[in-house]
Structures are given as structure tokens and as C-alpha cells.
Amino acid sequence: MGLVGFGQPDDGVIQMCYLVPDIQAAMKTWVQKLGVGPWFLLDHFSGTNPKYRGQDSKADVSLAMSFAGHMNIELIQPNDEHPSVYREWIGRKGYGFHHWGRATRNFNEDVARYQAAGHDLVFLAGVPSGGSVAYMDTTALLPGYVEFIELGAGFEATFSKFYRASIGWDGKDPVRSFI
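Residues numbered from 1 in each chain as written. Predicted model: local features only at pLDDT ≥ 70, side-chain atom pairs only at ≥ 80, totals over all residues. Heavy atoms only, no water.

Student: Any chance you could explain the overall build of the chain here in plain terms?
Tutor: Looking only at helices and strands, the chain features 4 helices and 11 strands. The C-alpha atoms of the chain give a radius of gyration of 15 Å, which matches the 16 Å a tight globule of 179 residues would have. Overall size of the chain, expressed as C-alpha extent along the three principal axes, is 45 × 40 × 30 Å. Looking at the chain as a whole, 51% of its 179 residues qualify as buried. Sequence-distant contacts, at least 24 apart, represent 64% of the contacts inside the chain between residues at least 6 apart. (Helix = DSSP H or I, 4+ residues; strand = E, 2+ residues; numbered from the N terminus. Rg over C-alpha atoms; globule rule 2.2 N^0.38 Å. Buried < 20%, exposed > 50% of the residue type's maximum accessible area, 1.4 Å probe, protein only. Contact = heavy atoms within 4.5 Å.)

See below:
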């Protein structure tokens, strides 16, 4: 196991994600109350070839990322009422913690291993930095999903850019473009 460019181990937890009803208000709260920032915002995301519980997905979300130390923090706001891994969670648990993100260099193997252990694949999509993400339903054992985030392509450069921006951040320019 090595370290990715922002200090977290590959094949380890690198991210915590929270669902929020208002992403602008949530980013402001994280900045003001926790000193976390700057945030990198993607106003609309559905992924490449997104699948929710095996079906094509039309759900659109806004997402923002920042770092608290070496931990990536992700905020997600659903932008519509289409069925999704996010709407499913909000219907069952409400807003708040949603998933842990685990970096992996063995994406397909990890997804298959979790499926063999009885965890359903809830969401699968390609992402802007390249590679794919897969949400596994671990809620029978854990208080959230586990998301596998495929290492490679532009992943490390993107997350490292966000991490570097957080080091010694002076509070200026708290919301920036994701891309």
C-alpha cells in the first residue's frame, strides 16, 4: 500500500461525504465553523454512463470537495427528484453523512469482492478525472455506503490540486471551479 499525493493510503479511506439540501450554505458553514476550504464546486454531475441499481440514471447533483487535513470532504446536493443513491438515502435517513470513499488500484476486483460478500452495487459511473466510482451497500454493517474510487487517470492530480489549495489556506476565494 502506497500513499497518494495528498497523504492518504491507496486502498484506504480517503473521503467522507455528506448530503446537503443547499450546497452553497453547506460550504459556507464548513468554512465559517470548521475552517475547511477552499471548496471546488461542480454545479452539475451525473457521471458517464451512470447506473443506479443496474438501471440508467438521469439524476443530477452538485458536488463540492475540500480537504480537512489529509481527509477529502465531499458535499453533495441532489438537483432533481430522479431516483438515485442520494435520494434513496435522504428518503431513509435524511441529510448528513452518506459514504466513505476508498481509493483503489484494483477497482473491478474490489467491487467483485464486496458483491461476493453480499453488498449490492448501488451506483456506478465514470467521473471527470477519469476512472470510475462504485457505491457498495454496506449499510447492514456500517452507517453508510462504501464508495470505491478508481486510482489512475487524472484522479491523483485532481485530488492533489484540491489538497494543495487547502494547505495554509487564507480564507480567500472560498469557492472555486472544480475543473
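Student: Is there a simple way to explain the sheet that holds strand β9 (residues 132-136) in this structure?
Tutor: Within a sheet, each strand pairs with its neighbour through backbone hydrogen bonds, oriented either parallel or antiparallel. The mixed open sheet is built from 11 strands, whose spatial order is β4-β3-β8-β9-β10-β7-β1-β6-β5-β2-β11. Unpaired on one side and paired on the other, β4 (55-56) and β11 (175-177) mark the two borders of the sheet. Strand direction decides the pairing type here: strand β5 (residues 61-68) and strand β6 (residues 71-78), joined by 8 bridges, are antiparallel. Following the sheet pairing, V61 is matched in β6 by P78. Each of β7 (96-104), β8 (121-126), β9 and β10 (145-150) is contacted by helix α3 (residues 107-116), which is oriented at about 10° to β9, the strand it contacts most. (Pairing = 2+ DSSP bridges. Axes fitted to C-alpha atoms, helices over the stretch in contact; angles between N-to-C directions.)

Student: How should the environment of Q115 be read in this particular structure?
Tutor: Within the secondary structure layout, Q115 lies in helix α3. Classification of Q115 as partly exposed rests on a relative accessible area of 40%. In contact with Q115, other than residues within four places in its own chain, are L121 and M136.

Student: Would you mind showing me how to read helix α4 (residues 155-166) here?
Tutor: In an α-helix there are 3.6 residues to a turn, and that puts residues three or four apart on one side. The terminal C-alpha atoms of α4, which comprises 12 residues, lie 17 Å apart, in line with the 16 Å expected from a rise of 1.5 Å per residue. Among the residues of α4, those classed as buried are F155, T158, F159, S160, F162, Y163, A165 and S166. Buried residues along α4 sit against β1 (13-19), β2 (39-45), β5, β6, β10 and β11. After α4 finishes, the residue G168 shows a positive phi value of roughly 65°. (Expected span 1.5 Å × (residues − 1).)

Student: Before we go on, may I ask you to explain the side chain of Q15 in this structure?
Tutor: Among the secondary structure elements, Q15 is positioned in strand β1. One polar contact links Q15 to E74, side chain to side chain, over a distance of 3.5 Å. Apart from residues lying up to four places away in sequence, Q15 is in contact with M65, M71, N72, E74, H99, W100, G101, E147, I149 and F159. (Polar contact = N/O pair within 3.5 Å; in protein donor to acceptor, adjacent residues only side chain to side chain.)

Student: I'm lost on the nonpolar core in this one. Help?
Tutor: Grouped burial of nonpolar side chains is what soluble globular proteins tend to show. By size, the foremost hydrophobic cluster in this structure holds 32 residues, and its most contacted members are L63, I76, V85, Y86, F123, Y135 and F178. Those elements that place two or more of their residues in this core are β1, β2, β5, α2 (85-93), β8, β9, β10 and α4. Per element, the largest residue contribution to this core is 5 residues, and it comes from α4. Here F178 is in contact with F40, L41, L42, L63, M65, T158, K161 and F162, once residues within four sequence places are set aside. (Core = buried A, V, L, I, M, F, W, Y, C linked by side-chain atoms within 4.5 Å.)

Student: What's the story with the environment of E81 in this structure? I'm lost.
Tutor: Mapped onto the elements of the fold, E81 is located in the loop between β6 and α2. Considered as a pair, E81 and N49 are 32 residues apart in the sequence and their alpha carbons are 19 Å apart. A distance of 3.5 Å separates the side chain of E81 from the side chain of R87, its partner in a polar contact.

Student: What am I meant to see in α2 here?
Tutor: Here α2 has its buried residues at V85, Y86, E88, W89 and I90. In the stretch just after α2, G94 is the one whose phi turns positive, near 90°.

Student: Can you help me understand the confidence of the model for the chain in this one?
Tutor: Interpretation of this model should avoid reading the predicted coordinates in detail wherever pLDDT is low. On average, residues of the chain score 93 in pLDDT, and 94% of them reach the 70 mark or higher. Here α4 stands out as the element of the chain with the lowest mean pLDDT, 89, in contrast to helix α1 (residues 23-34), whose mean of 98 is the highest. (pLDDT = per-residue confidence, 0-100.)

Student: Would you mind going over the pairing of β10 with me for this structure?
Tutor: Each regular strand displays side chains that alternate between the two surfaces of the sheet. Of all 6 residues in β10, 5 are buried; the element is thus mostly enclosed. In the sheet, β7 pairs with β10 via 6 bridges, with the strands oriented parallel. Each residue of the ladder has a partner; that of G101, found in β10, is E147. Where β9 meets β10, 4 bridges bridge the pair, whose relative direction is antiparallel. Its bridge partner lying in β10, Y135 is registered against E147.

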